[in-house]
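Letter by letter, the chains look like this.
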Amino acid sequence: PAAGLRADSAELATSVEVLASRLEQALPQIALVERHKVGGFRSKRRAVQRIAVALGEEQFELRRTDRSVQCTRHTVVRGITLNRREMGMADWIDELIAAVARTAEVSERDRLALGELLR
């Protein structure tokens, strides 16, 4: 399902921007996107540095580095991280979709919207 967002390193920045935009549209209450200014002093361009989605005890985080992304899934109980797993971007997206489908915090409308946006 995440085939449209799989990317080689040349397309990585665009893929992260598209993913962030789609998550903000589909899950505005629970998707946090951090952007930082890039370029010179007068630049207005902002690039995604981090995407975080918290779904109960499951937390998904994507951090962008200079040439790659680091995707992790955390299991957090009462503020303590019990499990942290790194994975590829495509697997991270697939697991995020599955977690959204399991979570009661997200309405049926939001689940359907996310599924459509990420396909």
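Just so it is clear, the structure is predicted and the values come from calculations on it, not from any experiment. (Residues numbered from 1 in each chain as written. Predicted model: local features only at pLDDT ≥ 70, side-chain atom pairs only at ≥ 80, totals over all residues. Heavy atoms only, no water.)

Q: Quick question: what am I supposed to make of helix H1 (residues 12-26) here?
A: Because each turn of an α-helix spans 3.6 residues, side chains separated by three or four positions in sequence point in the same direction. Under the 1.5 Å per step criterion, the end-to-end length of H1 is 21 Å for 15 residues, consistent within 8% with the ideal 21 Å. Looking at H1, one finds that the buried residues are Leu-12, Ser-15, Val-16, Leu-19, Ala-20, Leu-23 and Ala-26. Each buried residue of H1 sits inside an arc of 140° when the element is viewed along its axis, so together they form one side. Among the exposed residues of H1, those oriented more than 90 degrees off its buried face are Thr-14 and Gln-25. (Helix = DSSP H or I, 4+ residues; strand = E, 2+ residues; numbered from the N terminus. Expected span 1.5 Å × (residues − 1). Buried < 20%, exposed > 50% of the residue type's maximum accessible area, 1.4 Å probe, protein only. Arc of directions from axis to C-beta.)

Q: Sorry if this is basic, but what is going on with the sheet that holds strand E5 (residues 80-87) here?
A: As a general point, the strands of a sheet are linked pairwise by backbone hydrogen bonds and lie either parallel or antiparallel. Sheet architecture is open: five strands sit in the order E1-E2-E3-E4-E5, paired in antiparallel fashion. Two strands lie at the open edges of the sheet, namely strand E1 (31-37) and E5, each paired on one side alone. Averaged over all adjacent pairs, the angle separating strand axes in this sheet is 20°, with direction ignored. Pairing of strand E2 (residues 46-55) with strand E3 (residues 58-64) involves six bridges; the strand directions are antiparallel. If you follow Ala-52 over to E3, its bridge partner there is Glu-61. Sitting on the sheet, H1 touches E1, E2, E3 and strand E4 (69-77), and the angle it makes with E2 is about 45°. Relative to the sheet, helix H2 (residues 89-102) contacts E2, E3, E4 and E5, its axis offset from that of E3 by approximately 150°. (Pairing = 2+ DSSP bridges. Axes fitted to C-alpha atoms, helices over the stretch in contact; angles between N-to-C directions. Contact = heavy atoms within 4.5 Å.)

Q: Is there a simple way to think about the packing of aromatic side chains in this case?
A: The geometry of an aromatic ring pair is captured by two quantities: the separation of the ring centres and the angle between the planes. What the rule picks out here adds up to one aromatic pair. Ring plane angle 75° and centroid distance 6.2 Å describe the contact between Phe-60 and Trp-92, whose orientation is recorded as edge-to-face. A residue pair is termed long-range when its members are at least 10 positions apart, and Phe-60 in strand E3 and Trp-92 in helix H2 qualify at 32 residues. Among the residues examined, Phe-60 registers a relative accessible area of 1% and is labelled buried. (Phe/Tyr/Trp six-rings, centres within 6.5 Å; stacked < 30°, edge-to-face > 60°.)

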